[in-house]
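# Close look at the chain arrangement
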Amino acid sequence: MEHSTDNKILYAAEKLFAEKGFAATSTRDIAKNAGVNVSMISYYFGSKEKLFEEIFKVRMKEGQSFAIEILENPDLNEWEKLTKIVKNYIKRVKNLPEFYTILQSVHTTEGVGNEQILTFLRASKIGYIKMYQRLLEEGFENKVFTKKPNFLFLHSVIVGTVFYSKQGMNLYQEFSENKSEEFHEIFYNNLTKNLITLLKDLLGYEEKE
């Protein structure tokens, strides 16, 4: 996203919603952090609720656009497509901590009552489930994969592993007694490597020498 006025507001709102929660964040807080007049929020988004919804629209469109582009790339086999999509997903969780903190809150309390956001999330999940189903079926038919687990399980392994890892990050750092600033970088690198190894075994993929 470019740093236009509406995107400045989006960035500021995303950060504040992650830190304070939706209910505790006021439009004045957002305007102050974005360096704009509070009237600009109404001008660009109409309300705090609509601004909240727009964050989801923008972030989910970013992730899905990348995934669709990879899915339709004829130069990649199904394993290459899957690993690129998974690596990008983990990269986004690492680089967009505020959005994924908000996403976690929506799965608990923040999303209750906001039917529009719940609809966005449902459509996004269905899109990815269909994507993994297609990769699994085509990869098995093309003999890229030698195993064919249930595609719903494939989706839950990927999303569940990454989601829970993000949620437990602070606990893992405390348990490891690693206080360095590099902990998150190392952790996400290891998460990527281990999830790829897990998927390789789950799908029966063998790299050709």
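In this text the structure is predicted, and so the values were computed from the model without any measurement.

## Remarks on the layout of surface pockets
For the largest pocket, the calculated volume is near 490 Å³. Surrounding the largest pocket, 22 residues form its lining, Tyr89, Leu103, Ser124, Tyr128 and Val159 being those nearest its centre. At the level of secondary structure, the elements contributing two or more residues to the lining of the largest pocket comprise helix H4 (48–71), helix H5 (78–95), helix H6 (97–106), helix H7 (115–141) and helix H8 (151–167). Considering only residue class, the lining of the largest pocket consists of 14 nonpolar, 5 polar and 3 charged. In this model, the second largest pocket occupies a volume close to 250 Å³. If you go around the second largest pocket, the residues you meet are Val93, Lys94, Pro97, Glu98, Thr101, Gln104, Lys166, Gln167, Met169, Asn170, His184 and Tyr188. Of the residues contributing to the lining of the second largest pocket, the split by class is 4 nonpolar, 5 polar and 3 charged.

## Remarks on the pattern of salt bridges
Applying the stated criterion to the full structure yields 11 salt bridges. Residue glutamate 19 pairs with lysine 15 through a salt bridge whose shortest N-O separation is 2.6 Å. Within this pair, glutamate 19 and its partner lysine 15 are both found in helix H1 (residues 5–20), separated by 4 residues, close to a single helical turn. We classify glutamate 19 as exposed; its relative accessible area is 51%. Of the residues examined, lysine 15 reaches a relative accessible area of 40% and is grouped as partly exposed. Where glutamate 138 meets arginine 134, a salt bridge forms, and the shortest distance between an N and an O atom there is 3.2 Å.

## Overview of the environment of phenylalanine 187
When you line up the elements, phenylalanine 187 lands in helix H10 (residues 183–203). Residue classification places phenylalanine 187 among the buried residues on the basis of a relative accessible area of 18%. Spatially, the C-alpha atom of phenylalanine 187 lies 9.1 Å from that of tyrosine 172, the residues being 15 residues apart in sequence.

## Remarks on the environment of serine 156
Inspection of the secondary structure assignment puts serine 156 in helix H8. Looking at serine 156, the relative accessible area reads 38%, which means it is partly exposed. Residues serine 156 and isoleucine 129 lie 27 residues apart in sequence; the distance between their C-alpha atoms is 9.1 Å.

## Quick notes on the packing of H7 against H8
Direction vectors running N to C along H7 and H8 enclose 120 degrees, while the axes themselves pass 9 Å from each other. Overall, the two elements H7 and H8 adopt an arrangement that is oblique. In the crossing of H7 with H8, the sense of the turn from one axis to the other is right-handed. Of H8, the residues touching H7 (which contributes Lys125, Tyr128, Ile129, Tyr132, Gln133 and Leu136) are Phe151, Leu152, Leu154, His155 and Ile158. Considering only residue class, the contact of H7 with H8 consists of 8 nonpolar, 2 polar and 1 charged.

Calculation notes
For every chain, the first residue of the written sequence is number 1, and numbering continues from 1 onward in sequence order. In keeping with the model being predicted, local features are shown solely for residues with a pLDDT of at least 70 and side-chain atom pairs are shown and tallied solely at 80 or more, while totals for entire chains, interfaces and linings include all residues. Side-chain measures were taken over the full set of non-hydrogen atoms in the model, leaving aside hydrogen atoms and water. The distinction between a cavity and a pocket rests on a 1 Å grid over the protein atoms alone: a 1.4 Å probe fits inside a cavity but cannot get out, while a pocket stays open yet meets protein on both sides within 12 Å along at least five of seven lines, and a residue with an atom within 4 Å of a point counts as lining. Grid points are joined across faces, edges and corners, and a volume is the space filled by probe spheres set on the points. Counting from the N terminus, the helices are DSSP H or I runs at least four residues long and the strands are E runs at least two residues long. Any residue that is not Ala, Val, Leu, Ile, Met, Phe, Trp, Tyr, Cys, Pro, Asp, Glu, Lys or Arg is counted as polar, Gly included; the first ten are nonpolar and the last four charged. A pair is scored as a salt bridge if a Lys or Arg side-chain nitrogen falls within 4 Å of a carboxyl oxygen belonging to Asp or Glu. A simple rule labels every residue: compare its accessible area, found with a 1.4 Å probe on the protein chains alone, to the largest value its type can have, and call it buried under 20%, exposed over 50%, or partly exposed in between. Helix axes use the C-alpha atoms of the stretch in contact, all axes being lines fitted to C-alpha atoms, and the angles between their N-to-C directions lie in the range 0 to 180 degrees. Here the word oblique covers every angle except those under 35 degrees (roughly parallel), over 145 (roughly antiparallel) and from 65 to 115 (roughly perpendicular). By definition, any crossing whose near helix is turned counterclockwise from its far helix by less than a right angle is left-handed, and any crossing with a clockwise turn is right-handed. Note on definitions: a residue-residue contact is assigned when non-hydrogen atoms from the two residues lie within 4.5 Å.

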